[in-house]
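Breakdown of the fold
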Amino acid sequence: MKKPKWVVEKEQAKKAAGAETVWLFGLHAVRDALQNPARAKLRLIVTLNAQTKLADAIAASGIEPEIADPRRFGAPLDPGSVHQGAALEVKPLNWGRLEEVCIGAKVPRVLLLDRVTDPHNVGAILRSAEVFGASAVIGTRHHSAPETGALAKTASGALERQPYLRVRNLADAIRELQGFGYLVLGLDGEADQTIEQAVAGATDRPIALVLGAEGPGLREKTKDTCDALVKIDAAGNFGSLNVSNAAAVALYATLGR
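Residues numbered from 1 in each chain as written. Predicted model: local features only at pLDDT ≥ 70, side-chain atom pairs only at ≥ 80, totals over all residues. Heavy atoms only, no water.

**Some details on the sheet that holds strand S7 (residues 164–167)**
- Strands sit in the order S7-S6-S5-S10-S8-S11-S9 across an open sheet of seven strands; the sheet is parallel. With one partner strand each, in any of the chains shown, S7 and strand S9 (193–194) form the two edges of the open sheet.
- In terms of strand pairing, strand S6 (residues 136–140) meets S7 through four bridges, oriented parallel. Following the sheet pairing, isoleucine 138 is matched in S7 by leucine 165.
- Lying over the sheet, helix H6 (residues 119–131) contacts strand S5 (109–114), S6 and S7, oriented at roughly 170° with respect to S5.
- Against the sheet, helix H8 (residues 170–179) contacts S5, S6, S7, strand S8 (183–187) and strand S10 (207–212), and its axis sits at roughly 165° relative to S5. (Pairing = 2+ DSSP bridges. Helix = DSSP H or I, 4+ residues; strand = E, 2+ residues; numbered from the N terminus. Contact = heavy atoms within 4.5 Å. Axes fitted to C-alpha atoms, helices over the stretch in contact; angles between N-to-C directions.)

As structure tokens, this is what we get:
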């Protein structure tokens with residue numbers, strides 16, 4: 001019996017995902033990936049100078065490095081990549097299901113990204129999420145930044161420690177978090193209330209913040225699924241923050257410090 005088209009496509013997508021690899025670059029990103037036991041490491045290319053700087057991490061990882069001439073660095077990176085003499089081919093990380101990372105923390109915080117596609121923004125958001133103790137950063141499988149070398153370099157190691165999940169449907173993920181007891185707040189510059197007003201008396205409960213892409217912001221369906229829309233209290237009409245800066249400010253505001 002011939003398999004339905006959707007079954008074939010699903011199997012092909014799963015096979016393609018299994019074969020996918022990522023080239024990480026830069027001393028910080030490569031060092032943290034080498035030190036991450038959950039990261040499948042395939043190939044390491046370094047200059048002699050970078051090998052010296054990464055000696056402890058290389059020794060701990062057990063991977064045999066390939067030594068490259070800095071003038072002819074052989075890793076398949078974009079020409080503009082600032083690799084600092086180090087590149088590591090890896091498998092993407094698998095953080096598991098939503099409930100595996102969003103349940104269990106004493107005062108959980110989660111960031112959801114609605115069509116945030118710039119890897120530099122997502123990398124910066126991962127750094128902020130790690131600093132402020134977020135349980136996870138959640139994007140979508142389509143229309144969100146995948147795990148790339150540029151994202152990892154901007155995250156400066158946070159990608160190895162901060163759960164970054166990509167789900168099929170953001171609205172479904174929001175409803176799932178609401179089922180776990182989360183208060184889900186969407187950031188919108190036109191909202192009537194500030195984050196501080198929305199979380200007053202609720203900083204001891206799980207809170208998820210939803211941020212949209214710069215320009216279009218949150219989609220209407222996303223807005224409708226959130227429990228409330230909130231804004232960052234600004235000192236004047238000076239436009240809006242970059243999405244990564246907004247994520248850091250908003251996350252801090254939910255901690256009630």
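Having put the structure on the table, let's press on.
**Considering the sheet that holds strand S1 (residues 22–25)**
- Ordered by their spatial adjacency, four strands build an open sheet running S1-S4-S2-S3, and the pairing between neighbours is mixed. Both outer strands of the open sheet, S1 and strand S3 (66–67), are each paired with one neighbouring strand and no more.
- Sheet strands touched by helix H2 (residues 27–34): S1, strand S2 (41–46) and strand S4 (86–90). Its angle to S4, the strand with the most contacts, is close to 45°.

**Details of the nonpolar core**
- Among the nonpolar cores identified, the biggest contains 51 residues, and Leu111, Leu126 and Leu185 are the most heavily contacted of them.
- Broken down by element, the residue count for this core peaks at six residues, all from helix H11 (residues 243–253).
- Excluding anything up to four places from it in sequence, leucine 111 contacts Ile125, Ala129, Ala136, Val137, Ile138, Leu209, Leu211, Ala247 and Leu251.
- Residues Val101, Leu112, Val184 and Val210 belong to the second largest nonpolar core, which totals 19 residues. (Core = buried A, V, L, I, M, F, W, Y, C linked by side-chain atoms within 4.5 Å. Buried < 20%, exposed > 50% of the residue type's maximum accessible area, 1.4 Å probe, protein only.)

**As for H2**
- Taken across its eight residues, H2 has six buried, putting it largely inside the fold.
- For H2, the set of buried residues is Leu27, Ala29, Val30, Asp32, Ala33 and Leu34.
- Buried residues in H2 make contact with S1, S2, helix H3 (48–53), helix H4 (55–61), S4 and helix H7 (149–155).

**Quick word on the packing of H6 against H11**
- Two elements in contact, H6 and H11, have axes whose closest approach is 8 Å; the angle formed by their N-to-C orientations is 15°. Considering their axes alone, H6 and H11 lie roughly parallel with respect to each other. Of the two elements, H6 crosses H11, and the hand of that crossing is right-handed. Counted together, Asn121, Ala124, Ile125, Ser128 and Ala129 of H6 and Val243, Ser244, Ala247, Ala248 and Leu251 of H11 form the full contact between these two elements.
- Here the residues of the contact of H6 with H11 sort into seven nonpolar, three polar and no charged. (Parallel < 35°, antiparallel > 145°, perpendicular 65-115°, else oblique. Left-handed = near helix turned anticlockwise from the far one by under 90°. Nonpolar A, V, L, I, M, F, W, Y, C, P; charged D, E, K, R; others polar.)

**Observations regarding the state of the cysteines**
- This structure, assessed with the given rule, holds zero disulfides.
- Looking at the unpaired cysteine 226, the closest cysteine sulfur is the one in cysteine 102, lying at 15 Å.
- What makes cysteine 226 buried here is its relative accessible area of 9%. (Disulfide = S-S within 2.5 Å.)

**So, the pattern of salt bridges**
- Applying the stated criterion across every chain, the model contains 14 salt bridges.
- Aspartate 114 is the salt-bridge partner of arginine 219, the closest N and O atoms lying 2.7 Å from each other. One end of the pair, arginine 219, is in the loop between S10 and helix H10 (220–225); the other, aspartate 114, is in strand S5, with 105 residues separating them in the sequence.
- Linking aspartate 172 and arginine 175 is a salt bridge whose minimum nitrogen-to-oxygen distance equals 2.8 Å. Taken together, the positions of aspartate 172 and arginine 175, both in helix H8 and three residues apart, correspond to about one turn of that helix.
- Its relative accessible area of 33% is what places aspartate 172 among the partly exposed residues.
- On the basis of relative accessibility, which here comes to 42%, the residue arginine 175 falls in the partly exposed class. (Salt bridge = Lys/Arg side-chain N within 4 Å of Asp/Glu carboxyl O.)

**Some points on the side chain of threonine 140**
- Mapped onto the secondary structure, threonine 140 falls in strand S6.
- The class for threonine 140 is buried, based on a relative accessible area of 6%.
- One polar contact links the side chain of threonine 140 to the main-chain carbonyl oxygen of histidine 142, over a distance of 2.4 Å.
- When sequence neighbours within four positions are dropped, the list of residues in contact with threonine 140 reads Leu113, Arg166, Val167 and Leu170. (Polar contact = N/O pair within 3.5 Å; in protein donor to acceptor, adjacent residues only side chain to side chain.)

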